[in-house]
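The primary structure of each chain is shown beneath.
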Number of protein chains: 2
Amino acid sequence: MLRAAAELFVAHGYSATTLRQIAESAGIKAGSIYHHFDSKELLFSVVLDEGIDVMVQAFHTAADVTSDAPAPSRLLAHVRAHLGALFENGPFTTAHVTSFFSAPHTVRAQAVTRRDGYENLWSALLNDLFPQINRKDLALHRLILFGALNSTIEWFDPAGNLTLDQLAAVVTNQFLNGVQP
Amino acid sequence: MLRAAAELFVAHGYSATTLRQIAESAGIKAGSIYHHFDSKELLFSVVLDEGIDVMVQAFHTAADVTSDAPAPSRLLAHVRAHLGALFENGPFTTAHVTSFFSAPHTVRAQAVTRRDGYENLWSALLNDLFPQINRKDLALHRLILFGALNSTIEWFDPAGNLTLDQLAAVVTNQFLNGVQP
DNA sequence: CGATCTACCTAACGTTTGTTAGGCGAGTGC
DNA sequence: GCACTCGCCTAACAAACGTTAGGTAGATCG
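Residues numbered from 1 in each chain as written. Chains lettered and ligands numbered in written order. Predicted model: local features only at pLDDT ≥ 70, side-chain atom pairs only at ≥ 80, totals over all residues. Heavy atoms only, no water.

## Looking at the protein's contact with DNA strand C
Close to DNA strand C lie 14 residues, the nearest being A:Lys29, A:Ser32, A:His36, B:Thr18 and B:Tyr34. Here, DNA strand C places atoms within 4 Å of the protein, and 60% of those atoms are sugar or phosphate. Between DNA strand C and A:Lys29, the relevant distance is 2.6 Å, taken from a phosphate oxygen to a main-chain nitrogen or oxygen of the residue. Taking A:His35, its side chain carries an N or O atom lying 3.1 Å from a base nitrogen of DNA strand C. (Near = heavy atom within 4 Å. Polar contact = N/O pair within 3.5 Å; in protein donor to acceptor, adjacent residues only side chain to side chain.)

Below you can see the structure in the form of structure tokens.
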């Protein structure tokens, strides 16, 4: 049922998704939702939290696997993990990207706070991978990379010709070396 | 009044914005909106169209100014123009980024169609600037660049220390040369 | 067996939503 | 000075919204 809610939030945004739609999609009636969640906002909040958990977990498994690999490989693994969280692990992570702006102020603020934890993981990683670049510049590069990664959900088709591995390779390579041949 | 509507759409998304809010923000009453627009969807549609017009116009002025400059300068000018459309020319362009997912299907489909025109301008530009790169790769690079540019509205503060010119330079440089020092 | 709990339902509540019909005053053209 | 348009208002409409109260079937447990 959390899954059903997340999918609808992703497709239509927070406020355009009604509890009756969620209920129907989950095979129950609208009023029954309140047996599990005290309000629509809280349900949304749980969906977003779940999305962050997925991302953080993906990050840590990528970190474990590649902890002593060279820098480009480690970066690639984490880019792949982030894309995997978006496209392979349910709609929870995606909800963060698509329904962020349609979320109520309180939920939005809370989501930002929790997301900071994940972003700090990335900051630490990048500072570790590129010690020769100063942190302020690196923070900017990270934001640009995040923008590129998250907006893939607007155009990337997991069932298309391009695989997630290939996409991760392209993004990583562009981040490292730019577009010049 | 279009401006008031656009600002509210940007802040809360499409369906969380009520006609009464828009009316109040524009200094009129809700019913009066229908003297100008036949429906809420149509009003939103007009806002989005206006946003595309702003972007296309910014693109063409940048093209006129730098038509015989070297490739990196031309790219920089267009990146700067795109960022200018987002941050300096009202909320119409921004509405495209923030309220896209909360838009009704029909409006969304129409917006995509009109946006294709703008994206084709960019495709042509990049193919012109980088003839040595094959078009399929370049299309990917463009999508990545667009993602990075559009998501700046989530974190960039026009009133902060970093200027738009500097931001444009950073993004352009990362696109061309990557993050390596 | 009886008590309790869980997961759900029905039916309604007050509010808000987009939308509409009809009216009113200021300006314009003839 | 009369007709007409334009921009806006008031007042209401039906529908849909989040939410709540009270009830019911089935499982759990002592």
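## Quick notes on the packing of helix H3 (residues 40-65) of chain B against helix H5 (residues 91-98) of chain B
Residue and element names in this part refer to chain B. The geometry of H3 relative to H5 is characterised by a closest axis approach of 7 Å and an angle of 110° between their N-to-C directions. By the angle between their directions, the pair H3 and H5 is classed as roughly perpendicular. Two packed elements cross with a definite hand, and for H3 against H5 that hand is left-handed. Counting all contacts with H3, which are made through Val47, Leu48, Glu50, Gly51, Ile52, Val54 and Met55, the residues of H5 involved are Phe92, Thr93, Ala95 and His96. For the contact of H3 with H5, the class distribution of residues is seven nonpolar, three polar and one charged. (Axes fitted to C-alpha atoms, helices over the stretch in contact; angles between N-to-C directions. Helix = DSSP H or I, 4+ residues; strand = E, 2+ residues; numbered from the N terminus. Parallel < 35°, antiparallel > 145°, perpendicular 65-115°, else oblique. Left-handed = near helix turned anticlockwise from the far one by under 90°. Contact = heavy atoms within 4.5 Å. Nonpolar A, V, L, I, M, F, W, Y, C, P; charged D, E, K, R; others polar.)

## A closer look at the pattern of salt bridges
A side chain with one charge may pair with a side chain of the opposite charge, provided their charged atoms come close. What the rule picks out here adds up to 12 salt bridges over all chains. In this structure, B:Glu154 engages A:Arg115 in a salt bridge whose closest nitrogen and oxygen atoms are separated by 3.9 Å. Of this pair, B:Glu154 sits in the loop between helix H7 (135-150) and helix H8 (164-177) while A:Arg115 sits in helix H6 (residues 105-129), which puts the two residues in different chains. Using a relative accessible area of 45% as the deciding quantity, one classes B:Glu154 as partly exposed. Residues participating in the shared-partner salt-bridge network are A:Arg80, A:Glu88 and A:Asp165. (Salt bridge = Lys/Arg side-chain N within 4 Å of Asp/Glu carboxyl O. Buried < 20%, exposed > 50% of the residue type's maximum accessible area, 1.4 Å probe, protein only.)

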